[in-house]
Structures are given as C-alpha cells and as structure tokens.
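# Coordinate inspection notes
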Amino acid sequence: MAGDSETRAEDREHRKNGVRQPFLIGVAGGTASGKSSVCGKIMELLGQNEIDHRKRQVVILSQDSFYRVLTPEQKSKALKGQFNFDHPDAFDNELIVKTLWEIMEGKTVQIPVYDFVTHSRKEESVTVYPADVVLFEGILMFYSQEIRDVFQMKLFVDTDADTRLSRRGTRGDRNHVSVSQVFLTSVKCILTKKYADVIIPRGADNLVAINLIVQHIQDILNGGLTKRQNGCLNGYSTPRKRQASESSSRPH
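Summarised in this report is the structure supplied together with it. Source: prediction; values computed, not measured.

## A few points about the sheet that holds strand β5 (residues 133-137)
- Strand order in the open sheet formed by five strands is β2-β5-β1-β6-β7, and the pairing between neighbours is parallel. The sheet is open, and its two borders are formed by β2 (58-62) and β7 (198-201), each paired with just one other strand. This sheet shows a mean twist of 20° between the axes of neighbouring strands, independent of strand direction.
- Strand direction decides the pairing type here: strand β6 (residues 153-158) and β7, joined by four bridges, are parallel. The partner of L155 across the bridge, within β7, is V198.

Set out below in structure tokens:
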C-alpha cells in the first residue's frame, strides 16, 4: 500500500534526523480506579518526579485535559450536574490523536487545561517536552480504536466497584450524574479491558504489578535509541498512522 511506504519513509527520515519516538503506554480503568495513582507511583519509583519537567524521560498525560468545549446547552446541563463527563463523546478525540502523533514525531506539545468551574478551556496550556516514555491515562483511553492503536502497551487498572464508589463519594467528584449514566459508562469502560496487555488489580496497592511495569520502562530507558530497529522497540511495533479508509470502529 502507498500509505505503508510513505509511513516507512517517514520513520526512516525520523531516525536519520535523530527524532525521538517515545514508547506510548495507555492506562485505562473505571472512575476512581486509581489510574492517576498508578501513574504517579510509576513516576515515583523511576525517580522521574524529582527531575525538572523539561528534562524528564517519562511524562504523564491525562484524558481529562481533552474535554470538548461545551455548547451553551451542554454548559447549562453541566452547571446543574446533568452532564456526563465520563461519556465517550465528552472528549475531543481528534485533538487527542493529533497530540499523540505530534508526540510520536518528537515535538513539544501544548496540552489544554480544562476549567470545571466554567466548563471551558483556560487560556493557558501546559507544555510537554519530548520524552522517551509517555503514560496517557483516562477512563476511556481504549474506547476509540484510532487512539488505542497508537499505544505500544496498554494497561488496565482494575479496582472493585465498591472501592471505586467509595472514592468517588469522598473526593467530591465533579460528575454528579445519575446512577444509570455511571453504570453505562462503567460498562463501556469494562468492555475495553479486553484490549489491555496488562491488567493491574487493586490499583496502586499492587506493587508487584507496578514494579514489573517499572522494570520494563527502565529497560526501555536503558536501551534508548539503540533498541529501536525497523520500527520496533523491545518487541513492540511502532504504530503507523491509520489511513482514512481504515476502520475506526468502537466496541459495543
């Protein structure tokens, strides 16, 4: 296919120019499952949280940064606590895909900052510099095929429903939608678990699983660019941009 030839040519050009192609790890899981805590623990064990953000080899991104700008009608619902921020359509997937490919191209990217008080994006943004490994966490990170196909590794944080509901209630969650909406969102999230390469029961409390992931990331960091050959890194293939004619089906 012509598209495959073009992608291989781009990959060769990137390697020739020394552009870093980071290892992308998607981290999904239900609401309050501990996705952020798991990512934070990984950063802590790698010592990356003590390094200046401009020099970090590992960075964390959150799907929460990519909420769509609400219409006046949606904003009115949000102010009444009637808008489901965990629904797949609440996220700007087009911007997520664009950002992921810019990261893959070794570019410095600007991540939007969402204001849950005004339900809009703030004028300022967060600068994320090129890194060797990127952790991208979110409740529905694997829902869109176009997004999940970019990840070279997919983790699913699997915490029991009672624990998640308890956390959701105590942290003053922004999203006070009905139980039925929360249930439907949870079903959509659970259905994406089948795409995960690694499932982490009990979230950040599962230090055995987290340490194994940390070791894998350390192997990637220690190998650096020398292990990237023919579009592969440590046994994982570098994702290619999907053509417009390819399927972008979602799980049902």
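Read on, since the account is not over.
## Regarding unusual backbone geometry
- Although it is not a glycine, H119 adopts a positive phi angle of roughly 55°.
- Checked against the element boundaries, H119 lands in the loop between β3 (109-115) and β4 (120-128).
- For H119, a relative accessible area of 6% puts it in the buried group.
- A positive phi angle, close to 70°, is found at R202, a residue other than glycine.
- Secondary-structure assignment places R202 in the loop between β7 and α8 (207-223).

## Looking at the packing of helix α2 (residues 35-46) against α8
- The geometry of α2 relative to α8 is characterised by a closest axis approach of 10 Å and an angle of 55° between their N-to-C directions. Of the possible angle classes, the one that applies to α2 and α8 is oblique. α8 is crossed by α2, and the crossing has right-handed handedness. Two secondary-structure elements touch here, α2 through V38, K41, I42, L45 and L46 and α8 through L207, I210, N211, I213, V214, I217 and Q218.
- Within the contact of α2 with α8, the residues separate by chemical class into nine nonpolar, two polar and one charged.

## A closer look at the nonpolar core
- L24, L100, F136 and F151 are the most contacted members of the largest nonpolar core, which totals 36 residues.
- Of all elements in the fold, only β1 (23-29), β2, α4 (93-104), β3 and β5 reach the threshold of two or more residues within this core.
- Examining the composition of this core, we find that six residues originate from one element, α4, more than from any other.
- For F136, the residues in contact, after removing those within four places along its chain, are I25, G26, V27, L61, S62, Q63, F66, I96, L100, M141 and F151.
- In this structure, V38, C39, V157 and L221 belong to the second largest nonpolar core, which totals 22 residues.

## Description of α8
- With 17 residues, α8 extends 24 Å from end C-alpha to end C-alpha; this agrees with the ideal 24 Å at 1.5 Å per step.
- For α8, the complete set of buried residues consists of A209, I210, I213, V214, H216, I217, I220, L221 and G223.

## Thoughts on the pattern of salt bridges
- For the structure shown, the criterion picks out eight salt bridges.
- For D158, the salt bridge is made with K193, and the minimal N-O distance between the two is 3.1 Å. Here D158 is found in strand β6, whereas its partner K193 is found in the loop between α7 (179-191) and β7, with 35 residues between them in sequence.
- D158 sits in the partly exposed class, given a relative accessible area of 29%.
- One network of salt bridges, with partners in common, ties together R68, D92, E94 and R121.

## Quick word on the side chain of D92
- Assignment of secondary structure puts D92 in the loop between α3 (72-79) and α4.
- For D92, the side chain forms a polar contact with the main-chain nitrogen of L95, separated by 3.1 Å.
- Those residues within four positions of D92 in sequence are excluded, and the remaining contacts are F66, Y67, R68 and R121.

## With respect to the packing of aromatic side chains
- Summed over all chains, the structure comprises 11 aromatic pairs.
- Pairing F85 with F116 gives two aromatic rings, centres 5.5 Å apart and planes at 75°, and the pair type is edge-to-face. Of this pair, F85 sits in the loop between α3 and α4 while F116 sits in the loop between β3 and β4, and the two are 31 residues apart along the sequence.
- Residue F85 is classed as buried on the basis of its relative accessible area, which comes to 2%.
- Taken together, a centroid distance of 6.4 Å and an interplanar angle of 75° make the contact between F136 and F151 edge-to-face.

Cut-offs used in this document
- Residues numbered from 1 in each chain as written.
- Predicted model: local features only at pLDDT ≥ 70, side-chain atom pairs only at ≥ 80, totals over all residues.
- Heavy atoms only, no water.
- Pairing = 2+ DSSP bridges.
- Helix = DSSP H or I, 4+ residues; strand = E, 2+ residues; numbered from the N terminus.
- Axes fitted to C-alpha atoms, helices over the stretch in contact; angles between N-to-C directions.
- Buried < 20%, exposed > 50% of the residue type's maximum accessible area, 1.4 Å probe, protein only.
- Parallel < 35°, antiparallel > 145°, perpendicular 65-115°, else oblique.
- Left-handed = near helix turned anticlockwise from the far one by under 90°.
- Contact = heavy atoms within 4.5 Å.
- Nonpolar A, V, L, I, M, F, W, Y, C, P; charged D, E, K, R; others polar.
- Core = buried A, V, L, I, M, F, W, Y, C linked by side-chain atoms within 4.5 Å.
- Expected span 1.5 Å × (residues − 1).
- Salt bridge = Lys/Arg side-chain N within 4 Å of Asp/Glu carboxyl O.
- Polar contact = N/O pair within 3.5 Å; in protein donor to acceptor, adjacent residues only side chain to side chain.
- Phe/Tyr/Trp six-rings, centres within 6.5 Å; stacked < 30°, edge-to-face > 60°.

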